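Structural characterization, general
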Amino acid sequence: MIKLVVTDLDGTLLPTGTEISPENIEAAKKAVEAGVTVTIATGRMYRAALPVAKNLGVDAPIITYNGALIRTVSGKTLYSSYLAPELIREVLEFVEAQGWYIQTYSEDKLYYPEKCVYSDRYEAAQLVQGEAVGWQGLKERTEEVTKLLCVTDSGDETEERIAILRERFGDRLSIVRSNANYAEIVNKGVSKGEGLKKLAEILGVTIPETMALGDAENDLSILKEAGLSVAMGNAVPAVKELCDVETGTCEENGWAQAVDEYVLKGR
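We now turn to the structure provided with this report.

Calculation notes
- Residues numbered from 1 in each chain as written.
- Predicted model: local features only at pLDDT ≥ 70, side-chain atom pairs only at ≥ 80, totals over all residues.
- Heavy atoms only, no water.
- Phe/Tyr/Trp six-rings, centres within 6.5 Å; stacked < 30°, edge-to-face > 60°.
- Helix = DSSP H or I, 4+ residues; strand = E, 2+ residues; numbered from the N terminus.
- Buried < 20%, exposed > 50% of the residue type's maximum accessible area, 1.4 Å probe, protein only.
- Arc of directions from axis to C-beta.
- Contact = heavy atoms within 4.5 Å.
- Pairing = 2+ DSSP bridges.
- Right-handed = clockwise from strand over helix to strand, strands pointing away.
- Lys, Arg positive; Asp, Glu negative; His and termini not counted.
- Salt bridge = Lys/Arg side-chain N within 4 Å of Asp/Glu carboxyl O.
- Patch = residues over 30% accessible without salt bridge, like charges linked within 9 Å, V, L, I, M, F, W, Y side chains within 5 Å.
- Areas by Shrake-Rupley, 256 points an atom, 1.4 Å probe, with all protein chains shown as cover.
- Axes fitted to C-alpha atoms, helices over the stretch in contact; angles between N-to-C directions.

Section: the packing of aromatic side chains
Applying the stated criterion to the full structure yields 6 aromatic pairs. Between Phe94 and Phe169, the aromatic rings sit 5.6 Å apart at their centres with planes inclined by 85°, giving edge-to-face as the arrangement. In this pair, Phe94 sits in helix α3 (residues 85–98) while Phe169 sits in helix α6 (residues 155–169), placing the two residues 75 residues apart along the sequence. Here Phe94 falls in the buried class, since its relative accessible area comes to 12%. Residue classification places Phe169 among the buried positions, given a relative accessible area of 1%. Geometrically, the ring pair formed by Tyr105 and Tyr122 is edge-to-face, given 6.3 Å between the ring centres and 65° between the ring planes.

Brief notes about helix α4 (residues 117–126)
Because an α-helix completes one turn every 3.6 residues, residues spaced three or four positions apart along the sequence face the same direction. For α4, the full list of buried residues reads Tyr118, Ser119, Tyr122, Glu123 and Gln126. Taken around the axis of α4, the buried residues stretch over an arc of 125°, which confines them to a single face. Close packing links the buried residues of α4 with α2 (46–56), β6 (102–106), β7 (109–112), β9 (145–151) and β11 (182–187). At the C-terminal side of α4, Leu127 shows a positive phi close to 60°.

Details of the pairing of strand β13 (residues 228–231)
Successive residues of a regular strand alternate their side chains across the two faces of the sheet. Residues of β13 alternate between two faces, with Leu228 and Val230 on one and Ser229 and Ala231 on the opposite face, all of them buried. Note that strand β12 (residues 210–214) and β13 share 4 bridges and pair parallel. Residue pairing across strands places Leu213 opposite Val230, the latter belonging to β13. The parallel pair β12 and β13 is bridged by helix α8 (residues 220–225), and the resulting crossover is right-handed. Summarising the sheet, β13 and strand β14 (residues 245–246) pair through 2 bridges and their orientation is parallel. If you follow Ala231 over to β14, its bridge partner there is Glu246. Note that the unit made of β13, helix α9 (residues 237–242) and β14 has a crossover that is right-handed.

Overview of the side chain of Asp108
Relative to the elements of secondary structure, Asp108 occurs in the loop between β6 and β7. Nearest to the buried, unbridged Asp108 among oppositely charged side chains is Arg71, at 4.5 Å.

Quick look at a nonpolar patch on the surface
A grouping of Leu78, Ile202 and Leu203 is seen on the molecular surface, where their side chains present a nonpolar patch of about 210 Å² in accessible area. As for its position among the elements, Leu78 is in strand β5 (residues 77–80).

Focus on unusual backbone geometry
In the Ramachandran plot, Tyr65 falls in the positive-phi region, its phi being about 50° despite a non-glycine side chain. With respect to the helices and strands, the residue Tyr65 is situated in the loop between β3 (62–64) and β4 (69–71). Phi is positive for Asn253, which is not a glycine, with a value near 60°. Positionally, Asn253 belongs in the loop between β14 and α10 (254–264). With relative accessibility at 17%, the residue Asn253 sits in the buried group.

Thoughts on the sheet that holds β4
Read across the sheet, 3 strands follow the order β3-β4-β5 without closing on themselves; strand pairing throughout is antiparallel. Edge positions in the sheet fall to β3 and β5, since each has one partner strand and no second. On average, each strand axis in the sheet is tilted by 15° relative to the strand beside it, whichever way the strands run. Pairing of β3 with β4, which is carried by 3 bridges, proceeds in the antiparallel orientation. Bridge assignment links Thr64 to a residue of β4, and that residue is Leu69. Sheet strands in contact with α2 are β3 and β4, and its direction is about 145° off that of β3.

Purely geometric stuff here, so don't read any function into it on its own.
Right, dumping it as structure tokens:
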């Protein structure tokens, strides 16, 4: 019997922003009323995920920054994995030399070299505001940095940059694609899957009692770890191949369909 449901956000629970469909909210409410813990595992910033958690009615710790930070809705940090300042500066110098766009997250604040189409798109999609501080400003803001994010124009470009970054930093960092245009850079050992294991331990839930839902490559780790893995109908092929079951698409409220079928049915 499922006791913990951990869900990705973008492309899984909601298409973009913070608005959750009434169907998904109702399914989450029923699950909580049945004694199930429902929470979030996302690549988003904590402050960008928090409004979604509140809209969903989640009162459990949430996994953010792809597992680098687990923090309660009230703001208590339960786990963190911050990048080393010297490694941050090394990555930034390399990316600057390539002429790529990158943004950083220090103390749950968003920073980028200059305001541009990439920062504008990200802020619009995540409903957050960042600050342009220049390359030197990025190198100076190294306190509590959970991840770095390269934003590109296409999936092919993202894959190319991930390959280059892995060749240069793969022995020290984990670089994954969270969607077609995002290459996420976090500490080795950091993943949504590790976040699930840590959270389950905190809550006293066994792994077979967990269910995870996702759609993108950065969800693979959590889907591998969960007792029951659910692929969204819009998931990338690698996710569908890995998962135990498949549900409807994000736009079809596949999330609610999965909760009704695998969590609530028979309770």
